[in-house]
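Coordinate analysis (summary)
So you can see what is in the structure, the chains are spelled out below.
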Amino acid sequence: ATPLPERILTDARLQGLLALTGVGAFARRFGLSESSLRREMRAHGQSLKGLVTAWRCRRVVALLPMAPSLHLLAHQLGFSGAVSLSRWVRTQFGVTPGRLRRRLRESKAIAELQSDGSGGTSHLSRMTEIDNSDQKGEMRGAGSDENLDA
């Protein structure tokens, strides 16, 4: 059987379980103390906090563009609430959740335009206009992203 630290490093489900349950509960589930699990992970050159952060970053990027609310997303990622998630997103990504959501949606739209072969110049220029007007505050409140700027 593969040692637990190696399984944690390669299995996103285990990383998610770690993020959602906390280190103590996670360690107990596998018959280890929290300190033993931390020691074993350090021996593999990893910290549990780093693994949880990396897992949460991947999940935010995957889920935020279509998340119905920041509150629900926070609970899916193991945060106590939307405010905690908002602070964490600003720390990790340097922008509010609303701005990150817009950027992720825009990058997906650009990728789709590029993959359809048409170039999509008019769509790209319209997206730039929207982004510029948003930065000036003209679009504030027009979309459903307003509550994600917490």
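Report on the accompanying structure.

Reading guide: rules and limits
- Residues numbered from 1 in each chain as written.
- Predicted model: local features only at pLDDT ≥ 70, side-chain atom pairs only at ≥ 80, totals over all residues.
- Heavy atoms only, no water.
- Axes fitted to C-alpha atoms, helices over the stretch in contact; angles between N-to-C directions.
- Helix = DSSP H or I, 4+ residues; strand = E, 2+ residues; numbered from the N terminus.
- Parallel < 35°, antiparallel > 145°, perpendicular 65-115°, else oblique.
- Contact = heavy atoms within 4.5 Å.
- Nonpolar A, V, L, I, M, F, W, Y, C, P; charged D, E, K, R; others polar.
- Phe/Tyr/Trp six-rings, centres within 6.5 Å; stacked < 30°, edge-to-face > 60°.
- Buried < 20%, exposed > 50% of the residue type's maximum accessible area, 1.4 Å probe, protein only.
- Expected span 1.5 Å × (residues − 1).
- Arc of directions from axis to C-beta.

For any two helices packed against each other, one specifies the crossing angle of their axes together with the interaxial distance. Put simply, helix α5 (residues 48–63) and helix α7 (residues 82–93) touch, their axes get as near as 12 Å, and they point 100° apart. With respect to α7, the element α5 is oriented roughly perpendicular. Residues Thr53, Arg56, Cys57, Val60 and Val61 of α5 pack against Leu85, Trp88, Val89, Gln92 and Phe93 of α7. Residues of the contact of α5 with α7, tallied by class, amount to 7 nonpolar, 2 polar and 1 charged.

Per the stated rule, a full pass over the model turns up 3 aromatic pairs. Grouping aromatic residues by their ring pairs yields a cluster made of Phe79, Trp88 and Phe93.

As a further point, take the environment of Pro97. Tracing the sequence through the fold places Pro97 in helix α8 (residues 97–115). We classify Pro97 as buried; its relative accessible area is 0%. Taking the C-alpha atoms as reference points, Pro97 and Val60, separated by 37 residues in sequence, lie 9.2 Å from one another.

This part covers α7. Helix length check: α7 (12 residues) gives 16 Å between terminal C-alpha atoms against 16 Å at 1.5 Å per residue, within 8%. Burial in α7 covers these residues: Leu85, Ser86, Trp88 and Val89. Summarising the axial view, the buried residues of α7 lie within an arc of 165°, below the 170-degree limit, and thus occupy one face. Facing away from the buried surface of α7 by more than 90 degrees, the exposed residues are Val83 and Thr91. Buried residues belonging to α7 abut α5, α6 (70–76) and α8. Gly94, located one to two residues past α7, shows a positive phi value of around 75°.

Scope: geometric values only; no functional claims are made or implied.
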